Amino acid sequence: MAEKEPAGELRLAGVTKRFGAVAAVDDLDLTVPQGSFFALLGPSGCGKTTTLRIVAGLEQPTAGRVFLAGRDVTDLRPYRRPVNTVFQSYALFPHLDVFGNVAFGLRRRGVPDLAGRVARMLAMVRLDGFERRRPAELSGGQQQRVALARALVNEPRVLLLDEPLSALDPRLRRQMQIELKRIQTDVGATFVHVTHDQEEAMTLADTVAVLNAGRVEQFGAPADLYDLPATAFVANFLGQANLLAGRVTGRAGGDVLVEAYGSRFSVPADRSGSGAGAVLVGVRPERLHLAAAAADVPEGHQWVTGVVTDSSYVGVGTRYLVRTPWGAELAAFAAYGAVAGGGAAAAAGDPAPGGAGRLPVGAEVVAYWNPAHAFLVPDDVDPGPAGIRR
């Protein structure tokens with residue numbers, strides 16, 4: 001006898017959605033484990049909201065099937081699916097108070113102990129005492145909590161969140177990220193969160209799928225995607241990356257050797273998504289350090305020369321732009337309390353708060369990195385200025 005799939009596991013098999021000649025979702029295979037906080041991350045037009053609507057039953061796929069706990073729900077109407085959606089606009093009923101909004105679905109189904117279930121759900125989202133307020137009397141964050149309570153009170157196996165935090169100000173958004181994660185942990189339901197905000201996806205999700213043109217570019221834990229992106233698109237979309245265009249020239253021990261801009265670099269083979277042909281050597285800004293001279297570069301590190309073209313105070317450190325001899329600009333980040341360059345490079349460091357001691361624009365520097373912190377991806381995108389992809 002086949003083992004039953006977990007009650008909240010969601011699986012998409014070969015799902016495609018076409019609008020005329022355009023494939024908004026293109027042969028998508030995806031499994032969302034039960035009880036996980038899963039994020040669909042990508043730019044506008046990548047197909048993430050269409051995917052969510054297909055799961056909810058609001059769009060019918062052109063091809064492929066949707067399974068929930070092993071059951072094919074592709075042809076079920078939205079109200080027959082054990083799925084609820086929280087929309088970007090919250091979609092609260094303005095003529096109903098908070099209690100009426102949360103109780104709406106329960107009343108339609110004739111659920112007993114309606115008042116008790118609503119009270120427990122409002123306590124979970126920390127809206128005790130707000131039962132008689134109308135949506136217009138609530139803040140944006142409070143309205144979002146009502147929308148969450150209304151969706152969760154029906155005990156869905158899967159909760160779909162369509163960019164529910166995008167209308168909030170940054171401070172409230174951060175607060176609600178913490179609340180969302182807490183609520184998901186408390187109820188144990190499967191959450192599928194659609195967002196274009198990479199920081200939000202990394203903060204909330206156990207697993208992230210990065211979508212591009214209707215396809216999954218990469219799938220995995222946020223830290224894995226950030227540290228070892230599989231493509232230039234993922235490297236640039238999940239944070240910022242300095243990408244140096246080069247060509248693989250061979251191997252030495254456990255390293256892949258690359259020639260770029262007349263210099264030779266190496267990347268560990270286990271951090272290399274490509275071992276031949278045209279490639280991009282990637283270094284995150286926080287892994288790129290600045291020193292006054294090549295003599296200050298620690299042994300075993302790799303480097304390029306440049307000139308500081310911009311210095312921006314960002315509260316927790318300084319962001320620099322360094323123009324290279326081939327005309328591209330590299331981004332570097334120096335956190336306060338840490339010396340940019342380290343060791344003998346203290347003269348080029350940035351240990352002082354409040355912007356004191358920053359490297360001046362026009363300063364000649366050496367930008368260096370530990371090859372163990374670099375990564376290698378195929379060069380399958382159009383080159384940006386002088387081969388640097390931003």
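Owing to the predicted nature of the structure, the values given are computational and were not obtained by experimental measurement.

Quick notes on the rules
- Residues numbered from 1 in each chain as written.
- Predicted model: local features only at pLDDT ≥ 70, side-chain atom pairs only at ≥ 80, totals over all residues.
- Heavy atoms only, no water.
- Pairing = 2+ DSSP bridges.
- Helix = DSSP H or I, 4+ residues; strand = E, 2+ residues; numbered from the N terminus.
- Contact = heavy atoms within 4.5 Å.
- Axes fitted to C-alpha atoms, helices over the stretch in contact; angles between N-to-C directions.
- Buried < 20%, exposed > 50% of the residue type's maximum accessible area, 1.4 Å probe, protein only.
- Polar contact = N/O pair within 3.5 Å; in protein donor to acceptor, adjacent residues only side chain to side chain.
- Parallel < 35°, antiparallel > 145°, perpendicular 65-115°, else oblique.
- Left-handed = near helix turned anticlockwise from the far one by under 90°.
- Nonpolar A, V, L, I, M, F, W, Y, C, P; charged D, E, K, R; others polar.
- pLDDT = per-residue confidence, 0-100.
- UniProt positions renumbered as here; feature names shortened; annotations may be inferred.
- 1 Å grid on protein atoms, 1.4 Å probe; cavity = no way out; pocket = protein on both sides within 12 Å on 5 of 7 lines; lining within 4 Å.
- Points joined across faces, edges and corners; volume = space filled by probe spheres on them.

Caption draft 1: Expanded view of the sheet that holds strand β2 (residues 22–32). Pairing in this open sheet of four strands is antiparallel, and the strands run β2-β1-β4-β5 from one edge to the other. Every interior strand has two partners, whereas the edge strands, β2 and β5 (71–72), have only one. Bridge count for strand β1 (residues 10–19) against β2 is seven bridges, and the pairing is antiparallel. Bridged to Lys-17 within β2 is Val-25. The sheet strands contacting helix α1 (residues 48–56) are β1, β2 and β4 (63–68), and the helix crosses β1 at an angle near 115°.

Caption draft 2: Layout of helix α2 (residues 98–109). Along α2, the positions that sit buried rather than exposed are Val-98, Phe-99, Gly-100, Asn-101, Val-102, Ala-103, Gly-105 and Leu-106. Looking at the buried side of α2, the elements it contacts are α3 (114–124) and α4 (140–152). N-cap assignment for α2: the residue whose side-chain oxygen lies 3.3 Å from the backbone N of Phe-99 is Asp-97. Gly-110 sits one or two positions beyond α2 and adopts a positive phi of about 65°.

Caption draft 3: Highlighting unusual backbone geometry. A positive phi angle, close to 50°, is found at Asp-27, a residue other than glycine. Its relative accessible area of 41% is what places Asp-27 among the partly exposed residues. In this structure, Ala-213 is a non-glycine residue whose phi angle is positive, near 55°. Checked against the element boundaries, Ala-213 lands in the loop between β9 (207–212) and β10 (215–220).

Caption draft 4: Broad picture of the packing of α2 against α3. Contact geometry of α2 with α3 gives a least axis separation of 10 Å together with a crossing angle of 125°. As judged from the angle between their axes, α2 and α3 are oblique. Crossing of α2 over α3 shows right-handed handedness. Note on element contacts: α3 touches α2 through Leu-114, Ala-115, Arg-117, Val-118 and Leu-122, opposite Val-98, Phe-99, Val-102, Ala-103, Leu-106 and Arg-107. The residue inventory of the contact of α2 with α3, partitioned by class, reads nine nonpolar, no polar and two charged.

Caption draft 5: Representation of the sheet that holds β9. Taking strand neighbours across the sheet as the criterion, the six strands line up as β6-β7-β8-β3-β9-β10 in an open arrangement whose pairing is mixed. This sheet does not close on itself; its edge strands, each paired only once, are β6 (83–86) and β10. Looking at each pair of strands side by side, their axes are set apart by 20° on average, direction ignored. Relative to strand β8 (residues 190–195), strand β7 (residues 158–162) is paired through five bridges, and the arrangement is parallel.

Caption draft 6: Structural view of the confidence of the model for the protein. Confidence along the protein averages 87 in pLDDT terms, with 90% of residues attaining 70 or more. Taken as a whole, residues 337–356 scores under 50 in pLDDT and shows 42 contacts with residues more than four places along the chain or in a different chain. Across residues 382–390, where pLDDT falls below 50, the model places 34 contacts with residues more than four positions away in sequence or in other chains.

Caption draft 7: Representation of the UniProt feature "domain: ABC transporter" (unreviewed entry) in the protein within the structure. When the UniProt feature table is mapped onto this chain numbering, "domain: ABC transporter" (unreviewed entry) sits at residues 10–238. Summarising residues 10–238: 36% helix, 27% strand, and an end-to-end C-alpha distance of 24 Å.

Caption draft 8: View of empty space enclosed by the protein. This structure, assessed with the given rule, holds one cavity of 30 Å³ or more. Approximately 50 Å³ is the volume found for the largest cavity. Lining the largest cavity are Leu-10, Leu-12, Leu-30, Val-32, Phe-38, Leu-40, Thr-51, Leu-52, Val-55, Leu-160 and Val-192. Those elements that provide at least two residues to the lining of the largest cavity are β1, β2, β3 (37–41) and α1. Ranked by residues supplied to the lining of the largest cavity, first place goes to α1 with three residues. Per-class residue counts for the lining of the largest cavity are 10 nonpolar, one polar and no charged.

Caption draft 9: Region of interest: the environment of Ala-252. With respect to the helices and strands, the residue Ala-252 is situated in strand β11 (residues 242–252). Residue class for Ala-252 comes out partly exposed when judged on its relative accessible area of 38%. In sequence terms Ala-252 and Ala-269 are 17 residues apart; their C-alpha atoms lie 9.6 Å from each other.

Caption draft 10: Representation of the layout of surface pockets. Approximately 790 Å³ is the volume attributed to the largest pocket. Lining the largest pocket are 24 residues, with Pro-78, Tyr-79, Val-83, Asn-84 and Asn-154 sitting closest to its centre. At the level of secondary structure, the elements contributing two or more residues to the lining of the largest pocket comprise β6, α2 and α4. Considering only residue class, the lining of the largest pocket consists of 15 nonpolar, four polar and five charged. If you add up the space inside the second largest pocket, you get close to 210 Å³.

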